[in-house]
Amino acid sequence: MRSRSFAQAALALIVLSLAATPACAHVERGQAAGFLAGLHHPISGLDHVLAMVSVGLWGAQLGPPAVWLLPVTFPMVMAIGGFIGLIGVPLPGVEVGIALSAILLGFVVAREARPPLGLAAALVGIFAIFHGHAHGTELPPGQSGLTYSIGFVIATGLLHVTGITIGLVHRWRAGRIAIRVAGGLVAASGLVFLWRAVA
Amino acid sequence: MRRAALAVVLATFLLPARADAQLVTTGLGPVYDGIGHLLTTPEDLVPALALALYAGLRGPRAGRRALFLLPPAWFLGGLVGLRSPMTIAFPLAAISFLAGADSGVRGLIGIAVALFVVVALAAALVVALERPWKRIAARVAGSWIAAVGLLLLGWRLRGAR
């Protein structure tokens, strides 16, 4: 009985193999490619990733309303930076600014600094301009602008959400220490980025 | 603050734009082409979702108003687009793709129907949100859409140079 079932399955497999049509798959084009390229761009550089996750971590440390205000501020101001980059307005020291963002954001997370909310938002916003400008000038030609932008903003926001999610461990003492250590590591990484930017 | 926001919205709607969007061909007729167009064209769908989110956050009354005002307004904008390849507004520009098409009005009906459904679902979803963090999530989504719009404006200006 079992051998008969096996024979039937083998026959079916052979028939299916012989009936196979050519694989006409191709790379994504148009809007799908634009969305995927936009989604990939913010996570393609460790400096961007660390800074954006740090914003989420800092928001988690500060609690409401900073926990949602900072991740709103960063994409909005980053879009302004992207806009400036797209229309061709130069911004000096972009790479240095990005490296400094990792250093300072890592530092405030490591210190668990609690400045006034406006000052925290301003700090995040200033660095967001550098990140946005870098992305704006690096946008690949030939992509769908809107879908690229959608993917780009979603990826940025999700990096913040990742930071906030990691920051949920802040409720425990060991978690608070771990977040501060992570902030220190981000700041140390920022020093490496700064060295590369100026070297 | 509200006046400034209104000024930005009006300025955006008055930006001149070429009507060069393409009709989606579903093979099921112009009404379905219109439905497919709205659902597969982010330039149309994203502003519609943003308006629906906003209306939903403003409460059931605003949601109902958006539901019964936005599709007819969109339809009228499409009729304007049918008359001229150059139109005055985004997203009106985006839906004036039907200029010169054989079945423009029926396509517009499909768009309006799809828009009604999209606004109904999105606004109702937001109206029903009770927990504060869920309403905050809707506002965060709105801010992301605003960021996308700003980047898109940059793309447009870069293309125009």
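The rules behind these values
- Residues numbered from 1 in each chain as written.
- Chains lettered and ligands numbered in written order.
- Predicted model: local features only at pLDDT ≥ 70, side-chain atom pairs only at ≥ 80, totals over all residues.
- Helix = DSSP H or I, 4+ residues; strand = E, 2+ residues; numbered from the N terminus.
- Buried ≥ 20, exposed ≤ 12 C-beta atoms within 10 Å, placed from the backbone.
- Contact = placed C-beta atoms within 7 Å.
- Core = buried A, V, L, I, M, F, W, Y, C linked by C-beta atoms within 7 Å.
- Axes fitted to C-alpha atoms, helices over the stretch in contact; angles between N-to-C directions.
- Parallel < 35°, antiparallel > 145°, perpendicular 65-115°, else oblique.
- Left-handed = near helix turned anticlockwise from the far one by under 90°.

An unreviewed UniProt entry lists chain B under the name HupE/UreJ family protein, with Eiseniibacteriota bacterium as the source organism.

Under an unreviewed UniProt entry, the name given to chain A is HupE/UreJ family protein, and the organism recorded is Eiseniibacteriota bacterium.

Undergrad: Please explain the overall build of chain A as it appears in this structure.
TA: What chain A contains, in helices and strands, is 8 helices and 0 strands. A burial count over chain A gives 46% of its 199 residues as buried. In chain A, the share of contacts with a sequence separation of at least 24, taken over all contacts with a separation of at least 6, comes to 88%.

Undergrad: Whenever I open this one, the nonpolar core confuses me. Can you help?
TA: A general feature of soluble globular proteins is that nonpolar side chains tend to end up buried together. Ala102, Leu105 and Val109 of chain A together with Leu151 of chain B are the most contacted members of the largest nonpolar core, which has 62 residues in total. At the level of elements, α2 (30-40), α3 (46-62), α4 (66-86), α5 (94-111), α6 (117-138), α7 (145-166) and α8 (173-198) of chain A together with α7 (132-160) of chain B are the ones that each hand at least two residues to this core. Among residues more than four places away in sequence, those in contact with leucine 151 of chain B are Ala79, Gly82, Phe83, Ser149 and Phe152 of chain A. Leu38, Leu53, Leu108 and Val126 of chain B belong to the second largest nonpolar core, which has 20 residues in total.

Undergrad: For this particular structure, what's the right way to read the packing of α5 of chain A against α6 of chain A?
TA: In helix packing, the relevant descriptors are the interaxial angle and the interaxial distance, both defined with respect to the helix axes. Residues and elements named next belong to chain A. Interhelical geometry of α5 versus α6 gives an angle of 140° and a closest axis separation of 9 Å. Classified by the angle their axes make, α5 and α6 are oblique. Crossing of α5 over α6 shows left-handed handedness. In this structure, α5 contributes Val94, Gly97, Ile98, Ser101, Leu104 and Leu105 to the contact, and α6 contributes Leu123, Phe127, Phe130, His131, His133 and Ala134.

Undergrad: Which parts of the structure should I look at to understand the environment of glycine 106 of chain A?
TA: Residue and element names in this part refer to chain A. Mapped onto the fold, glycine 106 is located in helix α5. Look at glycine 106 and you get buried, because 25 C-beta atoms sit within 10 Å. Residues glycine 106 and alanine 197, spaced 91 residues apart in sequence, show a C-alpha to C-alpha distance of 18 Å. Dropping the residues within four chain positions of it, glycine 106 is found in contact with Ser54, Gly183, Gly184, Val186, Ala187 and Gly190.

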